[in-house]
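The primary structure of each chain is shown beneath.
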Amino acid sequence: MKPVNSVLSSFGTTIFEVMSTLAREHGSLNLGQGFPDEDGPAHLKSVAGNAMSDNPNQYPPMPGVPELRQAVAAHNKRFYNLDVNWENQVLITSGATEALAASMLALIEPGDEVIVMEPVYDSYVPMIMRAGGIPKPVRLLPPEWELSEDVLRAAFSGKTKLLLLNTPHNPAGKVYTDQELGMIAALAVEHDCYVVCDEVYEHIVFDGHTHNPIMKYPGMAERTLRIGSAGKTFSMTGWKVGYVTAPPALYAALAKAHQFLTFTTPPMLQYAVAEGLHSDDDYFESLRLSMQQKRDRLSTGLAKARFGVLPSQGTYFLTTDIRPTGFTGTDVEFCQQITVGAGVTALPMSAFYLPGAVNGQAAPDNFVRFCFCKRDEMLDEASQKLIEYFT
Ligand code: PMP
Ligand code: GLN
């Protein structure tokens, strides 16, 4: 038999699946893969259910149903004062994952360089490479996750086509500051490159930090693709409804990729997400607050279990240093050990770094990521198990 595609087959099974499978095998509490254990608003499920019963279950329009595209445009205006024409600037995709893949297929030519910030979300690098691009990592390290202008500038070259940004950042829990976004935007303009910004956690930001779409910065409106996800904003990660806001020229390129990838996204879910995006401000505020309380609850528990808990400014995730627990092995060994020994599963941060050193800096191997978007009882039980295990 001839070999299958060498790029994708060179990657292992994603860490999310590996650790969730291990958690299932050992019956451990899964704080690895990021998904809430309670569904989002019941009325949105009813909208989806009614739309499924009452409407045709056939292909909706390729770019998405008008109701949802209009709702995305209105959401952009309401939260960020972005003026967006839904007819040639908003595309609905099957999750942010498809939006990311479509963006890369639409923009990258073989040999183009693509800047990514490490730790890097798992689907970025495989898709960059499958599109023929060359990933250029910028390595951000705990505990500060500091982005230096010199290091970022050095990552650009004449071949840089695209910079892939994620804010609020999974797994670091970093919300890029206005100053950092301004710096990234200025470099993108200077080097005439596109920016794809993964903003799936845009409404999960804590402690008065503000999420700013990089699309708003000078010179960025014409070069940015801004990606959101209903999975995160409405706590329904299985729905896989994504939305991209783009300048018209990039929208056209993106729609070409989308039409050949999935062509469209289930209509009943699109109607429900449209309704969700029109929710009143209280909905978005209570999502943010409830996640912030969960972050605090788990942080307190993990600190009692002797973890070094790093601040999390947004997302579903906390980063912790495992050395204060007394464990001397790697983060991968640690995650296996606590799954089997303590009955709690987390993810090794090293899984979000490329192999080898970048700018002479090795990836850390003593940090693990915990997901806190779970019922309080589960967070307490997990904390208790870890406290008993480590103290
Ligand atoms: N980007 C980031 C940073 C994520 O954390 C996730 C999933 N949790 C995605 C993209 C994928 O989102 P979706 O489920 O909408 O495909
Ligand atoms: N985004 C989720 C996480 O970071 C997982 C999504 C997936 O399993 N692909 O945990």
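Scope of this entry: the structure provided in the associated data block.

**Topic: the overall build of the protein chain**
Counting its secondary structure elements, the protein chain contains 15 helices and 13 strands. Summarising its shape, the C-alpha atoms of the protein chain cover approximately 60 × 55 × 50 Å along the three principal directions. Looking at the protein chain as a whole, 57% of its 391 residues are labelled buried. Of the roughly 16000 Å² that the protein chain leaves accessible, carbon and sulfur atoms contribute 52%. If you average the places of the 30 positive and of the 43 negative side-chain charges in the protein chain, the two averages end up 3 Å apart.

**Topic: the site of ligand 2**
Around ligand 2, the structure places F16, Q33, G34, Y121, N170, F317 and R369. At 2.6 Å from an oxygen atom of ligand 2 is found a side-chain nitrogen or oxygen belonging to Q33. Interatomic distance of 3.2 Å between a side-chain N/O atom of Y121 and a nitrogen atom of ligand 2. Out of a free accessible area of 300 Å², ligand 2 has 78% covered by protein chains. Mapping ligand 2 onto the cavity grids shows that it belongs to the largest pocket. For the shell around ligand 2, a count of residues per class yields 3 nonpolar, 3 polar and 1 charged.

**Digging into the nonpolar core**
In this structure, L152 and F370 are the most contacted members of the largest nonpolar core, which totals 126 residues. Sequence-distant contacts of F370, that is, excluding residues within four places in its chain, are made with L31, L298, L302, F307, Y316, F317, L318, T320, I338, V344, A346 and L386.

**Considerations on the pairing of strand 13 (residues 367-371)**
Along strand 13, 5 of the 5 residues are buried, which leaves the element largely enclosed by surrounding structure. Along strand 13, one buried face is formed by F367, R369 and C371 and the opposite face, lined by V368 and F370, is buried too. Direction of pairing for strand 10 (residues 317-321) relative to strand 13: antiparallel, over a ladder of 5 bridges. Looking across to strand 13, one finds that L318 is bridged to F370. Summarising the sheet, strand 12 (residues 347-348) and strand 13 pair through 2 bridges and their orientation is antiparallel. Looking at strand 13, one finds that L347 is bridged to R369.

**A look at the sheet that holds strand 8 (residues 242-245)**
Backbone hydrogen bonds are what pair the strands of a sheet, in a parallel or an antiparallel way. In spatial order, the strands read 2-8-7-6-5-3-4; together these 7 strands make up an open sheet with mixed pairing. One side of each edge strand has no neighbouring strand; the edge strands of this open sheet are strand 2 (90-93) and strand 4 (134-139). On average, each strand axis in the sheet is tilted by 20° relative to the strand beside it, whichever way the strands run. Bridge analysis of strand 5 (residues 160-166) against strand 6 (residues 194-198) gives 5 bridges, and the strand direction is parallel. Bridge pairing in strand 6 places L164 opposite V196.

**Quick look at the site of ligand 1**
Around ligand 1 lies a shell of 13 residues, among which T97, D198, Y201, K232 and K240 are the nearest. Take K232: an N or O atom from its side chain is 2.4 Å from a nitrogen atom of ligand 1. When ligand 1 sits alone it has 400 Å² of accessible area, and the protein chains cover 94% of it. Judged by the fraction of its atoms near the pocket grid, ligand 1 is located in the largest pocket. If one sorts the elements of the shell around ligand 1 by residue count, helix 6 (residues 95-107) sits on top with 4 residues. Among the residues making up the shell around ligand 1, the classes are represented as 5 nonpolar, 5 polar and 3 charged.

**Section: a nonpolar patch on the surface**
There is a patch of nonpolar side chains on the surface, built from L8, F11 and M129 and spanning about 230 Å² of accessible area. Mapped onto the elements of the fold, F11 is located in the loop between helix 1 (6-9) and helix 2 (15-26).

**Quick word on helix 11 (residues 248-261)**
The end-to-end C-alpha distance of helix 11, which contains 14 residues, comes to 20 Å, matching closely the 20 Å that a straight helix rising 1.5 Å per residue would cover. Among the residues making up helix 11, those that are buried are L250, Y251, L254, A255, A257 and H258. Seen along its axis, helix 11 keeps its buried residues to an arc of 165°; they face one direction. Turned more than 90 degrees away from the buried face of helix 11 sit A249, K256 and F260, all of them exposed. Backbone geometry just after helix 11 places F263 at a positive phi near 70°.

**Notes on the layout of surface pockets**
Of the pockets and cavities examined, the largest pocket occupies roughly 1000 Å³. Taken together, 40 residues make up the lining of the largest pocket; nearest its centre are T14, F16, Y121, D122 and S123. Among the residues making up the lining of the largest pocket, the classes are represented as 21 nonpolar, 15 polar and 4 charged.

**Comments concerning the packing of aromatic side chains**
When we look at a pair of aromatic rings, we describe it by the centre distance and by the angle of the planes. Tallied over the entire structure, the rule returns 19 aromatic pairs. Through a chain of ring-to-ring contacts, the aromatic side chains of F307, F327, F334, F370, Y389 and F390 assemble into a single cluster. If you follow R369 out to its NZ or CZ, it ends over the ring of F317, 3.5 Å from the centre.

**Re the packing of helix 13 (residues 281-304) against helix 15 (residues 376-390)**
One can describe the packing of helix 13 onto helix 15 by two numbers: an axis separation of 8 Å at closest approach and a directional angle of 10°. The angle between the axes of helix 13 and helix 15 places the two elements in the roughly parallel class. Crossing handedness for the pair helix 13 and helix 15: right-handed. From helix 13, K294, R297, L298, G301, L302 and K304 reach across to helix 15, where they touch D376, L379, D380, S383, L386 and I387. Here the residues of the contact of helix 13 with helix 15 sort into 5 nonpolar, 2 polar and 5 charged.

How each quantity is defined
- Residues numbered from 1 in each chain as written.
- Chains lettered and ligands numbered in written order.
- Predicted model: local features only at pLDDT ≥ 70, side-chain atom pairs only at ≥ 80, totals over all residues.
- Heavy atoms only, no water.
- Helix = DSSP H or I, 4+ residues; strand = E, 2+ residues; numbered from the N terminus.
- Buried < 20%, exposed > 50% of the residue type's maximum accessible area, 1.4 Å probe, protein only.
- Areas by Shrake-Rupley, 256 points an atom, 1.4 Å probe, with all protein chains shown as cover.
- Lys, Arg positive; Asp, Glu negative; His and termini not counted.
- Charge placed at Lys NZ, Arg CZ, Asp CG, Glu CD.
- Near = heavy atom within 4 Å.
- Polar contact = N/O pair within 3.5 Å; in protein donor to acceptor, adjacent residues only side chain to side chain.
- 1 Å grid on protein atoms, 1.4 Å probe; cavity = no way out; pocket = protein on both sides within 12 Å on 5 of 7 lines; lining within 4 Å.
- Sits in = over half its atoms within 2 Å of the grid points.
- Nonpolar A, V, L, I, M, F, W, Y, C, P; charged D, E, K, R; others polar.
- Core = buried A, V, L, I, M, F, W, Y, C linked by side-chain atoms within 4.5 Å.
- Contact = heavy atoms within 4.5 Å.
- Pairing = 2+ DSSP bridges.
- Axes fitted to C-alpha atoms, helices over the stretch in contact; angles between N-to-C directions.
- Patch = residues over 30% accessible without salt bridge, like charges linked within 9 Å, V, L, I, M, F, W, Y side chains within 5 Å.
- Salt bridge = Lys/Arg side-chain N within 4 Å of Asp/Glu carboxyl O.
- Expected span 1.5 Å × (residues − 1).
- Arc of directions from axis to C-beta.
- Points joined across faces, edges and corners; volume = space filled by probe spheres on them.
- Phe/Tyr/Trp six-rings, centres within 6.5 Å; stacked < 30°, edge-to-face > 60°.
- Lys NZ or Arg CZ within 6 Å of the ring centre and 35° of its normal.
- Parallel < 35°, antiparallel > 145°, perpendicular 65-115°, else oblique.
- Left-handed = near helix turned anticlockwise from the far one by under 90°.

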